[in-house]
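The lines below spell out each chain.
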Amino acid sequence: MSSTSSTKSLSATDVLASRYRHLFVLPSAPRLLLYGGLASLLLALLSKGAGGILNFVLALVVFALSASAISSALLLVDRKTIATFRRVLALLAGSEILWLVIAAVGGAYAWTSGSSYALTNALLFGAFICAGFEFIVINGAFERSAPLSFALAIVHPTATILVIRAPELMKHLDPVAAVAGAISLALLAAFPVLLGRRKTSLGFDALSLFQSFMKTWAAGDSDELEAAIASHSEEAETATKVIRLRTKGGDTFLVLPGVHPGPFHPVGSYDLPGVISRVFKDLGPVMTLHRPGGHERNLATRAETAKYSQSVKELALSMIPQQGQTEMRGPIHARVGNASASACAFGKDLVMTISLAPLGSDDIDTSIEDQLSKTASESGLGLSIVDAHNSIAPELQSVATGDPGWEQLFGDTSRAKPDRFNASYSHSSEIGFTGSGDITENGLALLMIQTGGAKSVLILADANNSVSGLRSEVAKALESAGYDLIEFCTSDSHNLAARGLTAERGYRALGEATPTQSIAGAAVKMARLAETRLAPAEYSSAEMKSRVRFFGSGALKEFASMIQSSSRFARNYFRFATVVVSALLLVSVFV
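Because the structure is a prediction, the values reported are computed rather than measured. (Residues numbered from 1 in each chain as written. Predicted model: local features only at pLDDT ≥ 70, side-chain atom pairs only at ≥ 80, totals over all residues. Heavy atoms only, no water.)

Asks: Explain the state of the cysteines to me, and be specific about the residues and the numbers.
Replies: Note on terminology: disulfide describes a covalent bond linking the sulfur atoms of two cysteines. Following the criterion strictly, the structure yields zero disulfides and no others. No disulfide involves C344; its sulfur sits 11 Å from that of C489, the nearest cysteine. On the basis of relative accessibility, which here comes to 7%, the residue C344 falls in the buried class. Exposure remark for C489: the relative accessible area of 0% places this residue in the buried category. (Disulfide = S-S within 2.5 Å. Buried < 20%, exposed > 50% of the residue type's maximum accessible area, 1.4 Å probe, protein only.)

So, in structure tokens, the structure goes:
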């Protein structure tokens, strides 16, 4: 039976990607200086009235110099720090705005009640809160050392309070406000300390993991995160299939990897299709298709990905196509349950694409390939499945493996008369097509197969899934031009996943940024180009088994679970802290 799952229950990888989709989506440095300057101006005017202009100038200088000093100090400690001048400016601007809100409470009370010290107390209390807020960010995202983080966190609020309110504090330093502020600072500073006590099964604490995620998303430096992933990874055996089609125009390769692209830029096998394309550059064009399996089959590191890709190339080099034009059966199309399938058989070697479009689809489970392979073997065929991964929709569907239509499709393919075929290849770069943020630099690839008078095309987009109507639109455009669609596939590349995106899922599906009409139009142009290159083809295939280090479902779930639990802890902690700090503010101002 088909099964449907709700997207309300995000996958472990979606959790990781979506949690950090807004990281450091910041205004420019000049704009942040403007925001900080406005906050400094309002603080100075609130403190001194119209006579606070001079104090404002000094406060603005303190703001800029503090950002420079903090970012420079962190750079000296860690040459790979993500604490750039711009990011520290954003931190200080945010803390000053928070400080301004607190000061406004004291100013309002002083104005309505005539209290002599309410404003001074609020400004003093705000300085402690400002320091606490800056400590959370510095210690949480930039620097693991708590003492150094604290020393840096007090630079800006201390210098600012002395500039805008030093004479008043010298005359009257309210011990109640000072103690309340110190308690609030301690309460805020305790958060990253407590967060750091949460650890994975191998001892990686939540704070260190958070900082490694920061470096990965904000600076593209995934070394620390990959080291943690590699420590939790699992060694396993995987099978990879390579198909080689040779014509007088050269070789075209189809790779059906036993490895999954992901989980996100730039970690592990995130750009597997791109890496394989670069490795195959001197051999010929390659289409790295998406096999059944999910993120548990991500490679742990980029180094492991490079090693794996090189072994795939060596397998391709060892293959010798059959002499003379090869025969094939198909393409044979069938609708089985919710799935659209297209089968091409070369002898006993059956390659079948599966698409659930326009219904929602994600990664086809490996168990489905295992079950269908048993059914295909009864018809004397060795099955390899290509997961089209080409329709994103709210409700995810699953392949109905028990449907008798599969047995009929395999039987029809086995009984079909073999026929000689021609083949050719074209790429989107040849027609000047470029995407708009939902397709990688690898673009679109097209393989055309001609049997008899029919010309059929397999299209691969190096993207992560596609909008639900795209497959149908491409098929209609090709049909109008006289071509049959074998399948429109995406590679499930995660090269764009979480690369500065703000999409809920951490990436854009193909068709969400690039107009679907332009993709369909490109498919027709590529098909016409490929048609001019059709030539008799020779076929060969080979499979290799290799041992690799996968992220593994257990580690993936453990990382995602820690992030989710840490997020819940953060929400609950800050609810509690907000109540306590608000009460202490009222005590500081009104008592």
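Asks: Would you mind going over helix α4 (residues 85-113) in detail, with residue names and values included?
Replies: For an α-helix, 3.6 residues make a turn, and residues three or four places apart therefore share a direction. With 29 residues, α4 should reach 42 Å at 1.5 Å per residue; the first-to-last C-alpha distance of 41 Å fits that figure. Looking at the residues trailing α4, positive phi occurs at G114, about 80 degrees. (Helix = DSSP H or I, 4+ residues; strand = E, 2+ residues; numbered from the N terminus. Expected span 1.5 Å × (residues − 1).)

Asks: I'd like a description of the nonpolar core, backed by residues and values.
Replies: Ranked by internal contacts, the top residues of the largest apolar core, which has 57 residues, are L43, W99, L123, F125, F191, I229 and F264. Where this core is concerned, the elements lending two or more residues are α3 (53-77), α4, α5 (118-142), α7 (155-171), α8 (175-195), α9 (206-219), α10 (223-232) and α17 (553-590). Considering every element that reaches this core, the biggest residue donor is α17, with 13 residues. Those residues in contact with L43 that lie beyond four places of it in its chain are E96, W99, L100, A103, L123 and I164. Counting residues in each nonpolar core, the second largest holds 26 residues, with A463, A522, A523 and A530 among its members. (Core = buried A, V, L, I, M, F, W, Y, C linked by side-chain atoms within 4.5 Å. Contact = heavy atoms within 4.5 Å.)

Asks: Go over the packing of aromatic side chains with me, naming the residues and quoting the values.
Replies: Applying the stated criterion across every chain yields a total of 13 aromatic pairs. Between Y109 and F590, the ring centres sit 4.3 Å apart and the planes meet at 90 degrees, which makes this aromatic pair edge-to-face. Linking Y109 in helix α4 with F590 in helix α17, this pair joins segments that are 481 residues apart in sequence. Taking relative accessible area as the criterion, F590 reaches 38% and is therefore assigned partly exposed. On the basis of an interplanar angle of 5 degrees and a centroid distance of 4.0 Å, the ring pair of F346 and Y539 is categorised as stacked. Taken as a pair, F346 in strand β6 (residues 339-346) and Y539 in strand β15 (residues 538-550) lie far apart in primary sequence, 193 residues in all. A residue is classified by how much of its surface remains accessible, and F346, at 11% relative accessible area, is buried. (Phe/Tyr/Trp six-rings, centres within 6.5 Å; stacked < 30°, edge-to-face > 60°.)

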